[in-house]
Amino acid sequence: MIHAIIELATSNSELNPTRRNSFGPLLAFWILGLVWGTNFIFMKWALVHLTPFQIVFFRLFLGFIPVLLYALVTRQLDLSHLKYIGHFLVMSNLAAAVYYYLFVKGTGLLPSGIAGAVSGAIPLFAFILSVIFIPEEKLTRRKATGILLGLLGVLIVARPFESHLSSETGEGVLYLILGSLSIGASFVYARRFITPLNIPSGALTTYQLGLASLLMLFVTDFSGVDQILTDHYALVGLVLGLGLLGTGLAFILYYYVVAQLGATTASSATYIPPVVALIIGVLLLDETITALDWLATGFIFAGVILLRKKT
């Protein structure tokens, strides 16, 4: 998600000491993590009736509406920003259209809980790319350990050496890894070309979601899209879960938490979705999550924590 780009590109933000103990930002923090964690089950439901392209379009467009309203109310939009439309177009692909498509494809091939666990490795891939392409990012022994732990967790989830597993497992994990690399690449691009522009985050996300929605409109075949109307759970999950809440409200909540608690603290909400996805998969979808899967999730968490630790 684009929130990861903003967080990583502004990771030096300081907390406001007068607001750290506020109940509102903490509540928003937990709601944000829970909303993100439900995305995987909503994708699974929608895939029964829609293609990945269709799901991505509706998610982007429905998420674009509340973000646009937020940017208008806060007066963040400016016609002068249009001269940077080339940068916005790159970001709309890396951090929205391509990223969402790869995650939908991967989630369709995996139990939703496992897909959620692999998604927890996004910061790992973002950091790997930043070390490669951003000179000021240094690879310390602690951070190298974090990367190895996280990648070990992903490898355990994929279990490529177990012959009894379906080939779809490895393919699904590969899609999620490519999606993580896509958003990781967008972080590097944002750090190099977007952050120096000092464009408000609400405006930046509005441009990106708008352009991504327009792009998906031209490449999506909408044949049979009305089938989802026969499944109220899938329809509500797509419109409310993935679009209005999972994309639109999530961005707005993220900006609020960043402003109140700081970017680094806000980004810690990414620890919550994998656990939520695992629990939902077990309770609602009767997915089998093994002890090895929980161990892999722990490795991913440990790797991310080591990367974020300041000292």
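Everything discussed here concerns the structure shown above.
What you see is a predicted model, and the numbers here were worked out from it, not measured in a lab.

Here we take up the nonpolar core. Formed by 56 residues in total, the largest nonpolar core has its most connected members in Ile55, Leu60 and Leu209. Those residues within four positions of Ile55 in sequence are excluded, and the remaining contacts are Met43, Ala46, Leu47, Leu50, Val104, Leu238 and Leu242. By size, the runner-up hydrophobic cluster in this structure holds eleven residues, among which are Tyr189, Ala190, Ile194 and Ala203.

In the Ramachandran plot, Arg75 falls in the positive-phi region, its phi being about 55° despite a non-glycine side chain. Of note, Arg75 is situated in the loop between helix H3 (52–73) and helix H4 (85–109). Residues other than glycine seldom take positive phi values, yet Asn198 does so here, at roughly 55°. In this structure Asn198 comes out as exposed when scored by relative accessible area, which is 67%.

On to the environment of Ile272, then. With respect to the helices, strands and loops of the structure, Ile272 is situated in helix H12 (residues 272–285). Residue class for Ile272 comes out buried when judged on its relative accessible area of 11%. A C-alpha to C-alpha distance of 6.8 Å links Ile272 and Leu34, two positions 238 residues apart in sequence. Those residues in contact with Ile272 that lie beyond four places of it in its chain are Phe29, Trp30, Gly33 and Leu34.

A few words on a nonpolar patch on the surface. A contiguous nonpolar patch, built from Phe53, Leu214, Leu215, Leu217, Phe218 and Val219 and spanning about 540 Å² of accessible area, is present on the exposed surface. By the secondary structure assignment, Leu217 is in helix H9 (residues 201–219).

A word on the packing of H3 against H4. Two elements in contact, H3 and H4, have axes whose closest approach is 9 Å; the angle formed by their N-to-C orientations is 130°. By the criterion of interaxial angle, the relationship of H3 to H4 is oblique. Crossing of H3 over H4 shows right-handed handedness. Here H3 contributes Pro52, Phe53, Ile55, Val56, Arg59 and Leu60 to the contact with H4, which in turn contributes Ala96, Ala97, Tyr100, Tyr101, Val104 and Lys105.

Rules used throughout
- Residues numbered from 1 in each chain as written.
- Predicted model: local features only at pLDDT ≥ 70, side-chain atom pairs only at ≥ 80, totals over all residues.
- Heavy atoms only, no water.
- Core = buried A, V, L, I, M, F, W, Y, C linked by side-chain atoms within 4.5 Å.
- Buried < 20%, exposed > 50% of the residue type's maximum accessible area, 1.4 Å probe, protein only.
- Contact = heavy atoms within 4.5 Å.
- Helix = DSSP H or I, 4+ residues; strand = E, 2+ residues; numbered from the N terminus.
- Patch = residues over 30% accessible without salt bridge, like charges linked within 9 Å, V, L, I, M, F, W, Y side chains within 5 Å.
- Areas by Shrake-Rupley, 256 points an atom, 1.4 Å probe, with all protein chains shown as cover.
- Salt bridge = Lys/Arg side-chain N within 4 Å of Asp/Glu carboxyl O.
- Axes fitted to C-alpha atoms, helices over the stretch in contact; angles between N-to-C directions.
- Parallel < 35°, antiparallel > 145°, perpendicular 65-115°, else oblique.
- Left-handed = near helix turned anticlockwise from the far one by under 90°.

Scope: geometric values only; no functional claims are made or implied.
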